[in-house]
Protein chains: 2
Amino acid sequence: VHIGPKADPAVERAVRDGGGEPSALDDADAVVWLDWRRDRFPALPSGVRWVQLPSAGVESWMPAIERDGPVFTSAAGVYAVPVAEHALGLLLAGVRGLATYARATSWLEGDDRTLEGSTVAIVGAGGIGRALIGMLGPHDVEVIAVTRRGQPVPGVTRTLAADGLAGVWSQADHFVIAAPATGATRHLVGAEQLRAMPHHAWIVNVARGTLVDTDALVAALHAGEIGGAALDVTDPEPLPDGHPLWSAPNALITPHVANPPGAMMRHLAERVRENVRRFAAGEELVAPIDPEAGY
Amino acid sequence: VHIGPKADPAVERAVRDGGGEPSALDDADAVVWLDWRRDRFPALPSGVRWVQLPSAGVESWMPAIERDGPVFTSAAGVYAVPVAEHALGLLLAGVRGLATYARATSWLEGDDRTLEGSTVAIVGAGGIGRALIGMLGPHDVEVIAVTRRGQPVPGVTRTLAADGLAGVWSQADHFVIAAPATGATRHLVGAEQLRAMPHHAWIVNVARGTLVDTDALVAALHAGEIGGAALDVTDPEPLPDGHPLWSAPNALITPHVANPPGAMMRHLAERVRENVRRFAAGEELVAPIDPEAGY
């Protein structure tokens, strides 16, 4: 197993614990790649049958993944817990007005909104969505999960298939976007969807910035069409200084920190160990990327 | 049952649902009092054997409560869910840096802290503390509960008695204050306690401002002794314009909104119904105030 672009002690230990042996690229059956960017990714020798990528969102890697080539696995689900935790923090911060209070230097009149008693729609019920559903379990909320095919998700009130998405915007109080970035999910939330939401709705995005139409969102925030938006990802990203989203009312922006680097390597090493073990045993790998689905 | 200082339809319905009959004060066996302040509280006719107060924290009512007088019940536990929800929001907002990001107008370098993997001490395990323990259940955290007598609390890693409190400040990463305001809890968190905490520690206070020594907290925030403080209650309260806490680093202040008015009457009505039912049946009331304990 080749570890690139440079070795990491925790990942090396994980490879050995999984029954593998760190090796040079030319001798490798498998590659564990630790760089988020694709530009340093090498041409693969023909012996490589599996590549483990470090990120859960892999839209930028799709051109490198061929139907007949080696299996690529993403880190989908690996960072689910820290990302879901951040999503819950953003949701509570939004609904409970914390961003407004954080900017205040005076004792304001209180706001009346609680998460308790509301309906939360989670668009995308992969690792992050499912971890968030678990975290919402003890809260007195209804949860609607939206998945590609609408297969039942444990712990929710209702599951919708992606083709029923149009109806969800008027059926929930708040929305958490946790779906992969694909051609089909680009601008999933645009002007029309924003208009359909309740005026108190908060949108949380911990997926990719492109799932939300930024211009439409800025307009909706200025018009007071929704309660607010708490975004860990933006389009463009990083959000440039002076971008209108920085000053839009009720926007709370965090700089893509839902999965912080400290937690990252620790969680990734666990997945590497498990996938090396499965690779050695000839078992199905966790989170293989489907070139057609795009994730 | 007399409802004062003025009638409320939801509470009137709750009194009837509990088997009671709204009445004038002079004819009343019991009083349900809906004003937070004590100054309008009437002299009680001798027929009154029970008074239901509207607040969970009743420190300002203690002078009115006599050992041989009518039983007073507090609203302890009634607002546990909205307050615990706010406490969790403040805790996540603190640990994940949301207050800093809310004030930013530029894409900052990310912070590396998650709640996952940390130890949270909850000082006071009444209704709010227990609701919060439930909400922390799906998070990968250790929870230490501190209660007056150290009796076991379900869902936590460890329970400490109040007399073992001195040791807790160095044993947890973060601290949520949810204990009643009594003589014994005044300035529970002072300079010494702040120094004993880890440098990354966040303090959340959803109890009463007086449990924290404000001057010591401001000094600790300026010195970087702790990670920060997220406070729904302050001392003095309301916090006056220009108070040093407004500009202390890593302070997040919300204006006593953990239990917002909208949720308040709905939750209180449920308690009134239950206590009227128990009063009529001669059963023990929920949340009687102990004049000696002070809550």
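Residues numbered from 1 in each chain as written. Chains lettered and ligands numbered in written order. Predicted model: local features only at pLDDT ≥ 70, side-chain atom pairs only at ≥ 80, totals over all residues. Heavy atoms only, no water.

Draft legend 1. Main features of the overall build of chain A. The helix and strand inventory of chain A stands at eight helices and 11 strands. Relative to its length of 295 residues, chain A is compact, with a C-alpha radius of gyration of 20 Å against a globular reference of 19 Å. Each of the three principal axes of chain A carries a C-alpha extent, and together these read 65 × 40 × 35 Å. Across the 295 residues that make up chain A, the buried fraction comes to 54%. Contacts spanning at least 24 positions in sequence make up 58% of the contacts within chain A whose residues lie at least 6 apart. For chain A, the exposed surface amounts to about 12200 Å²; the carbon and sulfur share of it is 49%. Between the averaged position of the 23 positive side-chain charges in chain A and that of its 35 negative side-chain charges there is a distance of 3 Å. (Helix = DSSP H or I, 4+ residues; strand = E, 2+ residues; numbered from the N terminus. Rg over C-alpha atoms; globule rule 2.2 N^0.38 Å. Buried < 20%, exposed > 50% of the residue type's maximum accessible area, 1.4 Å probe, protein only. Contact = heavy atoms within 4.5 Å. Areas by Shrake-Rupley, 256 points an atom, 1.4 Å probe, with all protein chains shown as cover. Lys, Arg positive; Asp, Glu negative; His and termini not counted. Charge placed at Lys NZ, Arg CZ, Asp CG, Glu CD.)

Draft legend 2. Representation of the interface of chain B and chain A within the structure. The interface is formed by 51 residues belonging to chain B together with 51 residues belonging to chain A. A combined buried area of about 4100 Å² lies between chain B and chain A, and 63% of that area is made up of carbon and sulfur atoms. There are two salt bridges connecting chain B and chain A. Of the charged contacts, one joins E85(A) and R96(B) as a salt bridge, the two residues approaching to 3.0 Å between their closest N and O atoms. Our count for the contact surface shared by chain B and chain A stands at 20 residue pairs in polar contact (both at pLDDT 80 or more). Every element with two or more residues in the side of chain B that touches chain A is listed here: α2 (80-95), α3 (98-103), α4 (127-136), β11 (251-253) and α8 (261-281) of chain B. Classifying every residue of the side of chain B that touches chain A by side-chain character gives 27 nonpolar, 14 polar and 10 charged. (Buried area = accessible area lost by both parts, 1.4 Å probe. Salt bridge = Lys/Arg side-chain N within 4 Å of Asp/Glu carboxyl O. Polar contact = N/O pair within 3.5 Å; in protein donor to acceptor, adjacent residues only side chain to side chain. Nonpolar A, V, L, I, M, F, W, Y, C, P; charged D, E, K, R; others polar.)

Draft legend 3. The arrangement of the nonpolar core in detail. Formed by 111 residues in total, the largest nonpolar core has its most connected members in L136(A) and L136(B). Setting aside residues up to four positions removed in sequence, L136(A) forms contacts with L88(A), L91(A), L115(A), V120(A), I122(A), V141(A) and V143(A). (Core = buried A, V, L, I, M, F, W, Y, C linked by side-chain atoms within 4.5 Å.)

Draft legend 4. Representation of the relation of the copies chain B and chain A within the structure. By a simple turn and slide, chain B fits onto chain A: the slide is 0.0 Å along the axis, the RMSD is 0.1 Å, and the turn is 180 degrees. This pairing of chains is accounted for by a two-fold axis. Here 100% of the contact residues of chain B are again contact residues in chain A; the copies associate through an equivalent surface. (Least-squares fit on C-alpha atoms with pLDDT ≥ 70 in both.)

Draft legend 5. Just the side chain of H139(B), in detail. Here H139(B) shows up in the loop between α4 and β6 (142-147). Setting aside residues no more than four positions away along its own chain, H139(B) makes contact with L88(A), M135(A) and L115(B).

Draft legend 6. Geometry of helix α4 (residues 127-136) of chain A. Those residues of α4(A) that fall on the buried side of the exposure criterion are G129(A), A131(A), L132(A), I133(A), M135(A) and L136(A). Looking at the buried side of α4(A), the elements it contacts are α2 (80-95), β5 (119-123), β6 (142-147) and β8 (174-177) of chain A.

Draft legend 7. Structural context of the confidence of the model for chain A. Of the residues in chain A, 100% have a pLDDT of 70 or more, and the chain-wide mean is 95. Across the predicted assembly, pTM comes out at 0.91 and ipTM at 0.90. (pLDDT = per-residue confidence, 0-100.)

Draft legend 8. Up close: the environment of A179(A). All names here are of chain A. Here A179 shows up in the loop between β8 and α5 (191-196). Sequence separation between A179 and R40 is 139 residues, and the spatial gap between their C-alpha atoms is 27 Å. Dropping the residues within four chain positions of it, A179 is found in contact with V123, G124, A207 and L211.

Draft legend 9. View of unusual backbone geometry. A cis amide bond links G4(A) to the next residue, P5(A), at an omega of -5 degrees. Across the junction of D235(A) and P236(A), the peptide omega takes the value 5 degrees, indicating a cis bond. Relative to the helices and strands, P236(A) resides in the loop between β10 (228-231) and α7 (244-247). Even without a glycine there, the phi angle at N250(A) is positive, about 60 degrees. Mapped onto the fold, N250(A) is located in the loop between α7 and β11 (251-253). Judged by relative accessible area, which is 33%, N250(A) ranks as partly exposed. Backbone geometry at H187(B) places phi at a positive 50 degrees, although glycine is not the residue there. Checked against the element boundaries, H187(B) lands in the loop between β8 (174-177) and α5 (191-196). We classify H187(B) as partly exposed; its relative accessible area is 30%.

Draft legend 10. Local environment of the environment of G224(A). Residue and element names in this part refer to chain A. Within the secondary structure layout, G224 lies in the loop between α6 (214-223) and β10. Among the residues examined, G224 registers a relative accessible area of 40% and is labelled partly exposed. Residues G224 and T185, 39 residues apart in the sequence, show an inter-C-alpha distance of 25 Å.

Draft legend 11. Summary view of the packing of α2(B) against α4(B). Residue and element names in this part refer to chain B. Packing of α2 against α4 brings their axes to within 8 Å, and their N-to-C directions diverge by 55 degrees. Put simply, α2 runs oblique to α4. Helix-helix and strand crossings are classified by hand; for α2 and α4 the assignment is right-handed. Mapping the contact onto sequence places A80, V81, V83, A84, E85, A87, L88 and L91 in α2 and G127, I128, A131, L132, M135 and L136 in α4. Along the lines of polarity and charge, the residues of the contact of α2 with α4 split into 12 nonpolar, one polar and one charged. (Axes fitted to C-alpha atoms, helices over the stretch in contact; angles between N-to-C directions. Parallel < 35°, antiparallel > 145°, perpendicular 65-115°, else oblique. Left-handed = near helix turned anticlockwise from the far one by under 90°.)

Draft legend 12. Representation of helix α1 (residues 9-17) of chain B. All names here are of chain B. By the burial criterion, the buried members of α1 are V11, A14 and V15. Across the axial projection of α1, the buried residues extend over an arc of 100 degrees, all falling on one side. Structural note: α1 exposes P9, R13 and D17 on the side pointing more than 90 degrees away from its buried face. Next to the buried residues of α1 lie β1 (2-4), β2 (30-33) and α8. For α1, the N-terminal cap is D8; the gap from its side-chain oxygen to the backbone nitrogen of A10 is 3.0 Å. Within two residues after α1, G19 carries a phi angle of roughly 100 degrees, on the positive side. (Arc of directions from axis to C-beta.)

Draft legend 13. Expanded view of the sheet that holds strand β9 (residues 202-205) of chain B. All names here are of chain B. Strands sit in the order β7-β6-β5-β8-β9-β10-β11 across an open sheet of seven strands; the sheet is parallel. Edge positions in the sheet fall to β7 (158-161) and β11, since each has one partner strand and no second. Neighbouring strand axes in the sheet, compared pairwise and without regard to direction, differ in orientation by 15 degrees on average. Pairing of β9 with strand β10 (residues 228-231), which is carried by four bridges, proceeds in the parallel orientation. Counterpart to N205 in the pairing with β10 is L231. Across the sheet, α2 lies against β5 (119-123), β8, β9, β10 and β11, angled at about 160 degrees from β9, the strand it touches most. The strands touched by α4 within the sheet are β5, β6 and β8, with β5 carrying the most contacts at an inclination of about 165 degrees. (Pairing = 2+ DSSP bridges.)

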